[in-house]
There are 2 protein chains.
Amino acid sequence: MARTKGSVGADTKTAIYAAAKKLIEAKGFEAMTLRQLAAEVGVQAGSVYRYVESKDELLQALMNQHMISLIENWEKLEGKGEDPVSRLKAFVAFHIRYHIERRADVVIANLELRSLGEEYRADVVTKRSQYEANLRRILSDGVKAGVFPKVDLEVAAFAIIAMLTGVCFWYRPDGRLSIDEIIDVHQKLVLQGVVG
Amino acid sequence: MARTKGSVGADTKTAIYAAAKKLIEAKGFEAMTLRQLAAEVGVQAGSVYRYVESKDELLQALMNQHMISLIENWEKLEGKGEDPVSRLKAFVAFHIRYHIERRADVVIANLELRSLGEEYRADVVTKRSQYEANLRRILSDGVKAGVFPKVDLEVAAFAIIAMLTGVCFWYRPDGRLSIDEIIDVHQKLVLQGVVG
DNA sequence: CTATTAATCAAACGAACGTTCGTTTAATTA
DNA sequence: TAATTAAACGAACGTTCGTTTGATTAATAG
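Residues numbered from 1 in each chain as written. Chains lettered and ligands numbered in written order. Predicted model: local features only at pLDDT ≥ 70, side-chain atom pairs only at ≥ 80, totals over all residues. Heavy atoms only, no water.

- Going by the annotation in an unreviewed UniProt entry, the name recorded for chain A is TetR family transcriptional regulator, with Pseudovibrio japonicus given as the source organism.

1. A look at the interface of chain A and chain B
- Chain A puts 40 residues into the contact, and the matching count from chain B is 40 residues.
- For the pair chain A and chain B, the interface holds six salt bridges.
- A salt bridge links A:Glu154 to B:Arg176, with the nearest nitrogen and oxygen atoms 2.7 Å apart.
- One can count ten residue pairs in polar contact (both at pLDDT 80 or more) joining chain A with chain B.
- Looking at the side of chain A that touches chain B, the elements that each hand over two or more residues are helix H1 (9–27), helix H5 (103–111), helix H7 (153–165) and helix H8 (179–192) of chain A.
- If one sorts the elements of the side of chain A that touches chain B by residue count, H7(A) sits on top with eight residues.
- Looking at the side of chain A that touches chain B residue by residue, the class counts come to 26 nonpolar, six polar and eight charged. (Contact = heavy atoms within 4.5 Å. Salt bridge = Lys/Arg side-chain N within 4 Å of Asp/Glu carboxyl O. Polar contact = N/O pair within 3.5 Å; in protein donor to acceptor, adjacent residues only side chain to side chain. Helix = DSSP H or I, 4+ residues; strand = E, 2+ residues; numbered from the N terminus. Nonpolar A, V, L, I, M, F, W, Y, C, P; charged D, E, K, R; others polar.)

2. Quick look at the protein's contact with DNA strand C
- Residues in contact with DNA strand C amount to 28 residues; listed here are only the nearest, A:Ala2, A:Thr33, A:Tyr49, B:Arg50 and B:Tyr51.
- Residue A:Met32 places a main-chain N or O atom 3.4 Å away from a phosphate oxygen belonging to DNA strand C.
- With respect to DNA strand C, the side chain of A:Arg35 contributes an N or O atom lying 2.9 Å from a base nitrogen.
- Residue assignment for the surface near DNA strand C shows that the elements contributing at least two residues are helix H2 (34–41) of chain A together with helix H1 (9–27) of chain B.
- Class assignment for the residues of the surface near DNA strand C results in nine nonpolar, twelve polar and seven charged. (Near = heavy atom within 4 Å.)

3. A word on H8(A)
Residues and elements named next belong to chain A.
- With 14 residues, H8 ought to run about 20 Å at 1.5 Å a step, and its terminal C-alpha atoms sit 20 Å apart, in line with that.
- Listed in full, the buried residues belonging to H8 are Ile179, Ile182, Ile183, Val185, His186, Gln187, Leu189, Val190 and Leu191.
- Taken from the residues just after H8, glycine 193 is the one with a positive phi, measuring 70 degrees. (Expected span 1.5 Å × (residues − 1). Buried < 20%, exposed > 50% of the residue type's maximum accessible area, 1.4 Å probe, protein only.)

4. Some details on the UniProt feature "domain: HTH tetR-type" (unreviewed entry) in chain A
- With numbering matched to this structure, UniProt assigns "domain: HTH tetR-type" (unreviewed entry) to residues 10–70 of chain A.
- Taken end to end, residues 10–70 of chain A is 69% helix and 0% strand, and its first and last C-alpha atoms sit 24 Å apart. (UniProt positions renumbered as here; feature names shortened; annotations may be inferred.)

Here's what the structure looks like:
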């Protein structure tokens, strides 16, 4: 056999990326074999190389796509004129919602940095810091405006983002709470802590 | 050659576990090969099997040891009589300090669950939940005592632990802040949030 | 001093890995 | 309809993986 009936290159490429996300999320990048990936797409292992330069390049592409899209989506939504509290609440809501909806992307971006070749790693790390800068800016504006007490911006940003991203690792669609309720809990925690 | 001069089985076993932690932290479990592990110890690959049943069992042992020791160490330190705020502050300090000092263990326990065989995974997950229950209890006592406003205990515990564990992934010993300063920032964030 | 046990080496195993390549078939263009 | 290009197959490549085994040497016990 050779070319299969109804096969379209663009569709296969899309299917490869989707299957890769699914498998890497479930098993990890190193544990995913190209034969598993190919089987998930319904194709032979060698055929993947029509669409992908190498396994490493595939991981790089997935991570980069995710980071770029994350940054773009927040920039589209950001309301620069608003007060720091509203902006912070908006950031919390955006981050949780966006991450829950793209669980696989997030798990990959957070767990597979080690598997990424050094040539690519710096790129992803830079983009991540670029995204985190959005939160640092909100906090900084809040402190300057006297709305937030003085706090170490770098540590606070790391801490808040770790908290928010963590949702991806326990959230279940059929769980007890809705996404809105989860967002609400986190907004309160970020703003007022447990003492309130 | 065969048995080397001055070789002691117990020492080799210790060295194997230490080297495994180091390599898994750096490269991930799947990416670490037994030949790399053996080289780090200064031994041939086959020799590792005198001390380890299989690669999978090695990972299981590392994770289980870490979870058991984490639970035990908190129980030793826990002050049950104190007020919820003090207990919460103590928990934050303990968790950060313990995790920073055992970075490799923590990275492994948090990143390699997927690589753990199903037979073992439930065990580790149960132990993790057991540790998290300590925090839930503190929060619950605080809410009952009227010191903390009502909050979803499960989500709050997940959120706080994610925040605290996150320190492991950016902390550097030669960084700008000391561990005590980092703990301080986190205690304030957990208790009062950014608004204060 | 001898027998036994502990610890390691060195070589090999089959299986699976990522990747390459020549061939074959489907779709498109001329 | 004939020629060309797109898409996939299927077999093979050399390499590396986790693991097993039997020989070999060091330490210990009788």
